[in-house]
Amino acid sequence: MGKATKLQALVTGELAGTWCVLINAHVHPQHPRKQGLLPQGYSKDVRWSDGSVTDGVLKPVPIWYIETPDARVVVDTGFGDPEEVTRIRLAQGFPSMMRTRPEWHVPAALAQVGCRPEEVDAVILTHCHYDHVGGNELFTKARFYIHKNEIPLALAPPPWAAHYLPECARHLISVRERLTLLDDEQEIVPGVRTWRAGGHTPGSVVVTVDSDRGPAAIMGDVMHDYLNLEHWWPGTSNNYWNIDDLVRAYQRVREEARIVLPGHDWRLWDLHPGGRVI
Ligand SMILES: [Zn+2]
């Protein structure tokens, strides 16, 4: 009962991260390349919003579509308007590279699975960084689910809380009347559950989806890349909240999940053509 009949990653945009995704301290800068630890998407030619050009890693910004006998569920909503976010981030001192295409806009992406945003019953936000909440307003009927630990930083981010943008607080406020705050272990609909991983942010959740192939784990940014798991290296682009949490979360996923789905890795589309997992 409650097993997903469809689970698909839908690309809504692309952004760049620094090339050194796994290792960022105490090593020679060439070392990760020699070890072959660069994720798919490595580029020598990333053009950042401050005009600089360096190497980096291009990352997909997916949302996830889950269909069960009971409900249509979406996980995360993308970064919204890339020009707005780029402008805000540059003003904060963070050059970025973000882009989208017409077919990547959230309604067009959802059309691939025969769904319109207003038909979605539930939206789960893995966490409230800017690239996961920007399309909230599109889901006009859905109930929203966010872990309670995300709320303080999402609504009033201090300057050190990079990737929570004060301007993104409106994406939560606009859905406040349809918002459910999650505890550490929770069922959203039959066959779809969340558990608090923390690690990347205080309230990062992993979404577990039951399927005929066993449980699938949507990791959000608790795990950016497959390499994180393969090399037992739970870093996330130099963006740690709690490494102890990350290690525990990776251990749990190794034990419980049959399918592991990282948050920002183009390799997912090689392993699951078209992003179709189930
Ligand atoms: Zn992210």
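Further up the page is the structure itself.
Computed from a predicted structure; not experimentally measured.

J.: Help me out: how do you make sense of the environment of Leu-227 in this one?
T.: Inspection of the secondary structure puts Leu-227 in helix α7 (residues 226–230). Along the sequence, Leu-227 and Pro-39 sit 188 residues apart, while their C-alpha atoms lie 6.8 Å from each other.

J.: Can you help me understand the pairing of strand β11 (residues 205–209) in this one?
T.: In terms of residue burial, β11 counts as a mostly covered element, since 5 of its 5 residues are buried. Along β11, one buried face is formed by Val-205, Val-207 and Val-209 and the opposite face, lined by Val-206 and Thr-208, is buried too. Across 5 bridges, strand β10 (residues 192–196) lies against β11 in antiparallel orientation. When the sheet's bridge partners are listed, Val-192 is paired in β11 with Val-209. Bridging between β11 and strand β12 (residues 216–218) involves 3 bridges; their strand directions are antiparallel. Its bridge partner being in β12, Val-209 is matched across the sheet by Ala-216. Here β11 folds back onto β12 in antiparallel fashion, the turn holding 6 residues, of which Gly-214 has a positive phi close to 100 degrees.

J.: Looking at this structure, how should I read the pairing of β10?
T.: Each regular strand shows side chains that alternate between the opposite faces of the sheet. Alternating residues of β10 divide into Val-192, Thr-194 and Arg-196, all buried, and Arg-193 and Trp-195, none buried. Direction of pairing for strand β9 (residues 185–189) relative to β10: antiparallel, over a ladder of 4 bridges. Looking at the pairing, Glu-185 lines up with Trp-195 of β10.

J.: Explain the sheet that holds β9 here, please?
T.: The strands making up a sheet are joined through hydrogen bonds of the backbone, oriented either antiparallel or parallel. Taken together, 5 strands build an open sheet; the order of strands is β9-β10-β11-β12-β13 and the sheet is mixed. Single-partner strands in this sheet number two, and they are β9 and β13 (259–261). Neighbour-to-neighbour, the strand axes of this sheet turn through a mean angle of 25 degrees, independent of strand direction.

J.: How should the nonpolar core be read in this particular structure?
T.: Within soluble globular proteins, side chains that are nonpolar tend to cluster in buried spots. Counting 66 residues, the largest nonpolar core has Val-206 and Ile-218 as the members making the most contacts within it. Residues contacting Val-206, with those up to four places away along its chain left out, are Thr-194, Trp-195, Ala-197, Ala-217, Ile-218, Met-219, Gly-220, Val-222, Ala-249 and Val-253.

J.: Any chance you could explain helix α2 (residues 82–91) here in plain terms?
T.: Every α-helix winds through 3.6 residues per turn, so residues three or four apart in the chain are directed the same way. Taken residue by residue, α2 has Pro-82, Val-85 and Thr-86 as its buried positions. Seen from one end, α2 has its buried residues packed into an arc of 100 degrees, which puts them on one side. In α2, those exposed residues whose orientation departs by more than 90 degrees from the buried face are Glu-83 and Ala-91. Structurally, α2 contributes buried residues whose contacts are with β1 (6–18), β5 (98–99) and α4 (130–133). Trailing α2 by a residue or two, Gly-93 shows a phi angle of about 100 degrees, which is positive.

J.: Explain unusual backbone geometry to me, please; I cannot follow it from the model alone.
T.: What is expected of a backbone is that most residues other than glycine have negative phi and most peptide bonds are trans. At Asp-76, a position not held by glycine, the phi torsion is positive, near 70 degrees. Here Asp-76 is to be found in the loop between β4 (72–75) and α2. The exposure class assigned to Asp-76 is buried, which follows from the 28 C-beta atoms found within 10 Å. One non-glycine residue, His-163, lies in the positive phi region at around 80 degrees. Inspection of the secondary structure puts His-163 in the loop between α5 (151–155) and α6 (169–173). We classify His-163 as buried; it has 20 C-beta atoms within 10 Å.

Conventions we followed
Sequence order as written defines residue numbering, which begins from 1 separately in each chain. Note on the predicted model: pLDDT of at least 70 is required for a residue's local features to be given, and 80 or more for side-chain atom pairs to be given and counted; whole-chain, interface and lining totals, by contrast, use all residues. Elements are defined by DSSP. Helices are runs of H or I of four residues or more, strands are runs of E of two residues or more, and each kind is numbered from the N terminus. Once C-beta atoms are placed from the backbone, each residue is buried if 20 or more other C-beta atoms lie within 10 Å of its own, exposed if 12 or fewer, and partly exposed for counts between those two. One bridge is not enough; two strands pair if DSSP finds at least two bridges between them. Think of each axis as a best-fit line through the C-alpha atoms, taken over the contacting stretch in the case of a helix, with angles from 0 to 180 degrees between the N-to-C directions. Remark: nonpolar core denotes a set of buried Ala, Val, Leu, Ile, Met, Phe, Trp, Tyr and Cys residues whose joining runs through C-beta atoms within 7 Å. Working definition of a contact: two residues with C-beta atoms, positioned from the backbone, lying within 7 Å. An arc is given here, and it is the one of the directions from the helix axis to the C-beta atoms.

So, to be careful, I would describe these as geometric facts and stop short of saying anything about function.
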